[in-house]
Amino acid sequence: DAGVIQSPRHEVTEMGQEVTLRCKPISGHDYLFWYRQTMMRGLELLIYFNNNVPIDDSGMPEDRFSAKMPNASFSTLKIQPSEPRDSAVYFCASSSRQETQYFGPGTRLLVL
Amino acid sequence: AQTVTQSQPEMSVQEAETVTLSCTYDTSESDYYLFWYKQPPSRQMILVIRQEAYKQQNATENRFSVNFQKAAKSFSLKISDSQLGDAAMYFCAYRAEWNYGGATNKLIFGTGTLLAVQP
């Protein structure tokens, strides 16, 4: 299996622009997670899905952030409009029920 | 709320020596999972080892083993015969037992321990 796939790997954008991060989970996994890693806040969960349905979005920082999972093999995390404080590494992870979460390589976002 | 604490921001070990990274956690649950993840400079999060709380036996994966003390809520990672490739940030993480319909499936991470391996 190819593991969790994320794109792009690096994104540099200007403040105010829309940013879309993409994730393809491991085939057969029914849970998908979006995490954000910053120096100040460490690793924090933003949102997670079960069978394409958002279960817990309490970590989504504000309305500028939105996430979708239109099918079992694809999810997006969108930031609109982006701000410099959104600069971070964004990870997608997937798992099946009680199993371990496997992480993608992350997207490093820099908002200028 | 559950919390995970890693009290050692940085550690150093000589190649071929043994090092232990500390982790404590707080929870009122009796069933849960604990993990150690490794994050090398590439930023990839790599699972090192996993422990189910209901298992008394400590998990082992080759040179990596844990000392799980449930009563003390302690979960330390021992790396034996340290290698240069072990240099990375190590995160301890907690996850509650999977719960139908409950929002308990998220990982709660500690702040990490940066491990340096000296040749």
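This report concerns the structure included in the present document.

Each value, and the rule that gives it
- Residues numbered from 1 in each chain as written.
- Chains lettered and ligands numbered in written order.
- Predicted model: local features only at pLDDT ≥ 70, side-chain atom pairs only at ≥ 80, totals over all residues.
- Heavy atoms only, no water.
- Helix = DSSP H or I, 4+ residues; strand = E, 2+ residues; numbered from the N terminus.
- Buried < 20%, exposed > 50% of the residue type's maximum accessible area, 1.4 Å probe, protein only.

1. Considerations on unusual backbone geometry
Residues and elements named next belong to chain A. The omega torsion across Ser7 and Pro8 is -10 degrees, close enough to zero to call that bond cis. Its location among the elements puts Pro8 in the loop between β1 (5–7) and β2 (10–13). Note that the residue after Gln80, namely Pro81, is joined by a cis bond; omega there is -10 degrees. Its place among the elements puts Pro81 in the loop between β8 (74–79) and β9 (88–95). In this model, Asn51 sits at a positive phi of 50 degrees, which is unusual for a non-glycine residue. By the secondary structure assignment, Asn51 is in the loop between β5 (42–50) and β6 (53–56). The backbone phi angle of Asn52 is positive, close to 75 degrees, even though this residue is not glycine. With respect to the helices and strands, Asn52 occurs in the loop between β5 and β6. Residue Asn52 is classed as partly exposed on the basis of its relative accessible area, which comes to 28%.

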